[in-house]
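# Descriptive analysis of the structure
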Amino acid sequence: MRIALIIPTYNAGGFWRKVLAGIAGQGLQPERKLVIDSNSRDETAALAREAGFDVLGIDQRDFDQGGTRQLGAERCADCEVLIYMTQDVLLTQPEAFARLVAGLEDPQVAMAYGRQLPRAGASPIEAHARVYNYPPQDHIRTIADAERMGFKAAFSSDAFAAYRRSALMEAGGFPKRIIFGEDSFVTAAFLLRGWKVAYCAAASAAHSHAYTVPQEFRRYFDIGVFHQKEAWIQEKFGSPNGEGMRFVRSEIAYLLGVSPLLIPSAMVRTLSKWLGYQMGRRERVFPLPLKRLFSMHRGHWK
């Protein structure tokens, strides 16, 4: 199967060179490599071209979490496997692509996503989020797992994932004009249509974020907006509230073991996330300027 690699970019910065080196070091090289760049003002596009990527430029105002990724899928119509990455994912093993694509060997698997490990220098709070969401064991999910896993069954990440293009198109593709969660949206659609989703722990990459408390608020405001606007996911898979409480309990237990002094900071962050999420669920009551102020993805509010 022909393979395409698709990466949306915007001012990727100095780390971009390391990302490109990790891609160049892969034993499995995609036939097509496409960067969709939102008018970067640094060397992002030029370095991508030097690395053998086709670069499609779009206006920064036209970037859309789902629509831009769908644009990549449409541009790579001659490829059956679409590997998506973000500009800050560092491939630390030369077999990462091969192991990820191997997750699609079962013809009923529509998507395979890899394990994300904490980046170098990550704080314990930052590291726990990766430990919690990306365990060391592989698994394959079907719609039958929704009863056991609830909302978590629709979890995935297209920061490092491979899609079967035919399945993606059958499911309607990536949604346009979505503020957050285009990967979960598509995962839910796959499962409801009888497809399987694979988690490939053996395909790992370094990727995590050191969010500030205000950034946590803005991120969860956007998550709340996503859950409010795409209410069908909760109708089919259940509320995320139980999963949120499990995360908090896991975080406290993790920090007790590695850094107890960070527990108060973690609780402040939890409160910020909860407040942001609740306000996001109620975004309709806020005027547009406040939505932009509260949101991490401010370009969504046009």
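First things first, this report covers the structure right here in the doc. The structure displayed is predicted, hence computed values, not measured ones.

Moving on to the environment of Ala159. Secondary-structure assignment places Ala159 in the loop between α6 (146-149) and β7 (160-164). The class for Ala159 is buried, based on a relative accessible area of 5%. Considered as a pair, Ala159 and Ser204 are 45 residues apart in the sequence and their alpha carbons are 11 Å apart. If we ignore the near neighbours within four places in the chain, the residues touching Ala159 are Tyr84, Met85, Thr86, Val89, Gln116 and His207.

Moving on, we get to the pattern of salt bridges. Counting across every chain of the model gives 16 salt bridges. Measuring nitrogen to oxygen at the nearest pair gives 3.5 Å for the salt bridge that ties Glu216 to Arg269. One end of the pair, Glu216, is in helix α9 (residues 213-229); the other, Arg269, is in helix α12 (residues 263-281), and 53 residues separate them in sequence. Exposure class is identical for Glu216 and Arg269. Each is buried. One network of salt bridges, in which partners are shared, links Arg2, Arg32, Asp54 and Asp78.

Attention shifts here to the environment of Lys229. Note that Lys229 resides in helix α9. With a relative accessible area of 42%, Lys229 lands in the partly exposed category. The spatial distance from the C-alpha of Lys229 to the C-alpha of Val81 is 29 Å, given a sequence separation of 148 residues. Beyond its immediate stretch of four places on either side in the chain, Lys229 contacts Glu283, His300 and Trp301.

Each aromatic ring pair is summarised here by two numbers: the centre-to-centre distance and the angle between the ring planes. Counted according to the given criterion, the structure contains 13 aromatic pairs. Aromatic side chains Tyr163 and Phe174 sit 5.3 Å apart centroid to centroid with 65° between the ring planes, which places their arrangement in the edge-to-face category. Here the residue Tyr163 occupies a position in strand β7, and Phe174 occupies one in the loop between α7 (165-170) and α8 (182-192), the gap between them amounting to eleven residues. On the basis of relative accessible area, Tyr163 is assigned to the buried category, the value being 0%. When the centroid spacing of 5.8 Å and the interplanar angle of 80° are considered together, the rings of Phe217 and Phe294 count as edge-to-face. Of this pair, Phe217 sits in helix α9 while Phe294 sits in helix α13 (residues 288-294), placing them 77 residues apart in sequence.

Within helix α5 (residues 124-133) the residues assigned to the buried category are Ile125, Glu126, Ala127, His128, Arg130 and Asn133. In this structure, the buried residues of α5 make contact with β5 (109-117), α11 (241-258) and α12.

So, on to the sheet that holds strand β1 (residues 3-9). As summarised here, the arrangement of the eight strands in space is β3-β2-β1-β4-β7-β5-β8-β6, forming an open sheet in which the pairing is mixed. Each end of this open sheet is capped by a strand with a single partner; those strands are β3 (54-57) and β6 (139-141). With strand direction ignored, the average angle separating the axes of adjacent strands in the sheet is 25°. By the bridge criterion, four bridges tie β1 to strand β4 (residues 81-85) in an arrangement that is parallel. Looking across to β4, one finds that Ile6 is bridged to Tyr84. Helix α1 (residues 15-24) contacts β1, β2 (32-37) and β4 of the sheet and is inclined by roughly 175° relative to β1.

Moving on, we come to the packing of α5 against α11. Put simply, α5 and α11 touch, their axes get as near as 10 Å, and they point 125° apart. The orientation of α5 relative to α11 falls into the category oblique. Seen from above, α5 lies across α11 with right-handed handedness. Where α5 approaches α11, its residues Pro124, Ile125, Ala127, His128, Ala129, Val131 and Tyr132 are matched on the opposing element by Glu243, Arg246, Phe247, Ser250, Glu251, Tyr254, Leu255 and Val258.

What follows deals with the nonpolar core. Counting 52 residues, the largest nonpolar core has Leu82, Tyr113, Tyr163, Leu168, Phe190 and Phe237 as its most contacted members. Core analysis: the second largest hydrophobic core is formed by 31 residues, Leu20, Ile83, Val101 and Leu104 among them.

The next point concerns the side chain of Arg69. Here Arg69 shows up in helix α3 (residues 67-75). Ignoring any residue separated from it by four or fewer positions in sequence, one finds Arg69 in contact with Pro8, Phe63, Asp64, Tyr84, Thr86, Asp158, Phe174 and Glu182.

This next bit is on the side chain of Ser272. Structurally, the position occupied by Ser272 is in helix α12. Residue classification places Ser272 among the buried positions, given a relative accessible area of 10%. Those residues in contact with Ser272 that sit more than four places away from it in its chain are Val213, Glu216 and Phe217.

What counts, and where the lines are drawn
- Residues numbered from 1 in each chain as written.
- Predicted model: local features only at pLDDT ≥ 70, side-chain atom pairs only at ≥ 80, totals over all residues.
- Heavy atoms only, no water.
- Helix = DSSP H or I, 4+ residues; strand = E, 2+ residues; numbered from the N terminus.
- Buried < 20%, exposed > 50% of the residue type's maximum accessible area, 1.4 Å probe, protein only.
- Contact = heavy atoms within 4.5 Å.
- Salt bridge = Lys/Arg side-chain N within 4 Å of Asp/Glu carboxyl O.
- Phe/Tyr/Trp six-rings, centres within 6.5 Å; stacked < 30°, edge-to-face > 60°.
- Pairing = 2+ DSSP bridges.
- Axes fitted to C-alpha atoms, helices over the stretch in contact; angles between N-to-C directions.
- Parallel < 35°, antiparallel > 145°, perpendicular 65-115°, else oblique.
- Left-handed = near helix turned anticlockwise from the far one by under 90°.
- Core = buried A, V, L, I, M, F, W, Y, C linked by side-chain atoms within 4.5 Å.

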